[in-house]
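# Coordinate analysis (summary)
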Amino acid sequence: MSHNQTTYGIIGYPVKHSLSPVMHNAAFEALDVEALYKLFPLEENELDDFFDQLRQKDSPIFGLNVTVPYKEKVIAYLDSLTPFAQKVMAVNTIVITEDRKLVGYNTDGPGFIAHLHELGFDPRNKRIAVLGAGGSARAVIAALSLIPERPASIKVYNRTPERIDELLRDLGARIDTKFVEPVMSIDDLNIELADLVINTTSVGLKEGDACLIEKELFHANMMVYDLIYNPAETMLLKIAKEQGAKTANGLGMLYYQGVLAFEHWAGIPLEDPMREIMRKALCY
Ligand SMILES: NC(=O)c1ccc[n+]([C@@H]2O[C@H](COP(=O)([O-])OP(=O)(O)OC[C@H]3O[C@@H](n4cnc5c(N)ncnc54)[C@H](OP(=O)(O)O)[C@@H]3O)[C@@H](O)[C@H]2O)c1
């Protein structure tokens, strides 16, 4: 690999669980593009240097994804945001222009909605419970609030309640969020009445992570969606499935957000055969 090979990648901590390299490198190979998608595990104190380097004219990096825990933090380093990213105030995709300007996109929100459609779940008039208030929760809640088939209600619980206040303040500045209700305990999520439960927390990423919800609350008429895709079946999904709920992990969301990210970097839409190559690379 030459030093100046055109590079794309994902920044976060941890990033080693990410399947994004598999998907994007398959696309580069199929398009015969000499580029490599790499993992950039970064500690928070390394962000300043990383973004300084990124702005240099000789930087080989032309596009990035952003994952836990930096989707909100990276905004301070960017030159501009797309209107949707501005509404969400969380970025998972950065486009680097020829003059090294950094533009923030959010493809998590549309990626999540695309996967819900593929699963045949119509959010219209549904009751939704969300666990978590991090970067991905922002994207999911904003996207659900902006689609025409808007749900009846979204209840949100987070371990750190102040983070929900910030989320609602940011989203509420540009989106009608009056049907989004913060709750102070998991009990108040009314899981037993929910049509869709979405886990946007990182609980489940590590082996041995528990299920945050009591098993008796799941029921057969609900869908339980975990944004985590590695492991493919978190304890949450395992227990929900045992209780008869329909379940989905975040692999479909990863696929759709990745296709959108690639299109933003390339500046052109991807044809169906290319999408299929990315889908197959993920075994999705
Ligand atoms: N499938 C996909 O395409 C896709 C896309 C985006 C994200 N994801 C996944 O979604 C997850 C969250 O990503 P993110 O970017 O939103 O991360 P983030 O901004 O760092 O937020 C993490 C969330 O997890 C909560 N959390 C962490 N540890 C917890 C614990 N022990 N108990 C309860 N809550 C806990 C945090 O609560 P506090 O505020 O209290 O810390 C926060 O709500 C990750 O696993 C990521 O891989 C998947």
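Counting of residues starts from 1 at the beginning of each chain's written sequence and follows it residue by residue. Since the coordinates come from a predicted model, pLDDT governs what is reported: local features require at least 70, and pairs of side-chain atoms require 80 or more to be given and counted, while whole-chain, interface and lining totals use all residues.

Around the ligand, 28 residues are found, and the nearest of them are Gly-134, Ser-136, Arg-159, Thr-201 and Gly-250. Helix and strand definitions here come from DSSP, where helices need a minimum of 4 consecutive H or I residues and strands a minimum of 2 consecutive E residues; each element is numbered from the N-terminal end. Those elements that place two or more of their residues in the shell around the ligand are helix H4 (108-119), helix H5 (135-146) and helix H8 (251-266). Classification used: nonpolar for Ala, Val, Leu, Ile, Met, Phe, Trp, Tyr, Cys and Pro, charged for Asp, Glu, Lys and Arg, polar for all others including Gly. A breakdown of the residues in the shell around the ligand according to their chemical character gives eleven nonpolar, 13 polar and four charged. Both domain 1 (6-106 + 253-281) and domain 2 (109-249) contribute no fewer than three residues apiece to the shell around the ligand. We call a residue near a molecule or strand when the C-beta position, derived from backbone atoms, sits within 6 Å of it. Domain start and stop points were drawn from an automatic or database domain assignment.

Before going further, it helps to examine the sheet that holds strand E7 (residues 127-131). If you trace the six strands from one edge of the open sheet to the other, you get E9-E8-E7-E10-E11-E12, paired in parallel fashion. In this open sheet, the two edge strands, each paired with only one partner strand, are strand E9 (180-183) and strand E12 (246-249). Each strand axis lies, on average, 20° off the axis of its neighbour in the sheet, ignoring direction. Of the strand pairs in this sheet, E7 and strand E8 (residues 153-157) are connected by five bridges, and their pairing is parallel. Its bridge partner lying in E8, Ala-129 is registered against Lys-155. Here, residue contact means that the backbone-derived C-beta atoms of the two residues sit within 7 Å. Every axis corresponds to a line fitted to the C-alpha atoms, with the helix fit spanning only the stretch in contact, and the corresponding angles, defined between N-to-C directions, vary from 0 to 180 degrees. Strands in contact with helix H7 (residues 235-242) are strand E10 (196-199), strand E11 (223-226) and E12; relative to E11, the strand with the most contacts, it is inclined by about 165°. Strand pairing is assigned whenever DSSP detects at least two bridges linking the two strands.

On to the domain arrangement of the chain. Assigned domains within the chain: domain 1 (6-106 + 253-281) and domain 2 (109-249). Listed as interface residues are 17 residues of domain 1 and, on the opposing side, 19 residues of domain 2. Contributions of two or more residues to the side of domain 1 that touches domain 2 are made by helix H3 (83-88) and H8. Of all the elements, H8 adds the most residues to the side of domain 1 that touches domain 2, at five residues. Class assignment for the residues of the side of domain 1 that touches domain 2 results in ten nonpolar, four polar and three charged.

Another point: the packing of helix H1 (residues 20-31) against helix H9 (residues 272-281). Here H1 crosses H9 at 140°, and the two axes come no closer than 8 Å. Of the possible angle classes, the one that applies to H1 and H9 is oblique. H1 and H9 meet at a crossing whose hand is right-handed. Facing H1, whose interface residues are Val-22, Met-23, Ala-26, Ala-27, Ala-30 and Leu-31, H9 presents Met-274, Ile-277, Met-278 and Ala-281. Split by residue class, the contact of H1 with H9 holds ten nonpolar, no polar and no charged. Oblique is the label for any angle not covered by the other classes, which are roughly parallel (under 35 degrees), roughly antiparallel (over 145) and roughly perpendicular (65 to 115). In this scheme, a crossing is called left-handed if the near helix is turned counterclockwise away from the far one by less than a right angle; it is called right-handed if the turn is clockwise.

Expected helix span is given by 1.5 Å per residue-to-residue step, counting one fewer step than there are residues. Taking 1.5 Å as the rise per residue, H8 with 16 residues should run 22 Å; its terminal C-alpha atoms sit 22 Å apart, in good agreement. In this scheme every C-beta is placed from the backbone, and a residue whose C-beta has 20 or more other C-beta atoms within 10 Å is buried, one with 12 or fewer is exposed, and one in between is partly exposed. Across the 16 residues of H8, twelve count as buried, placing the element largely inside the fold. Backbone geometry just downstream of H8 places Gly-267 in the positive-phi region, at approximately 75°.

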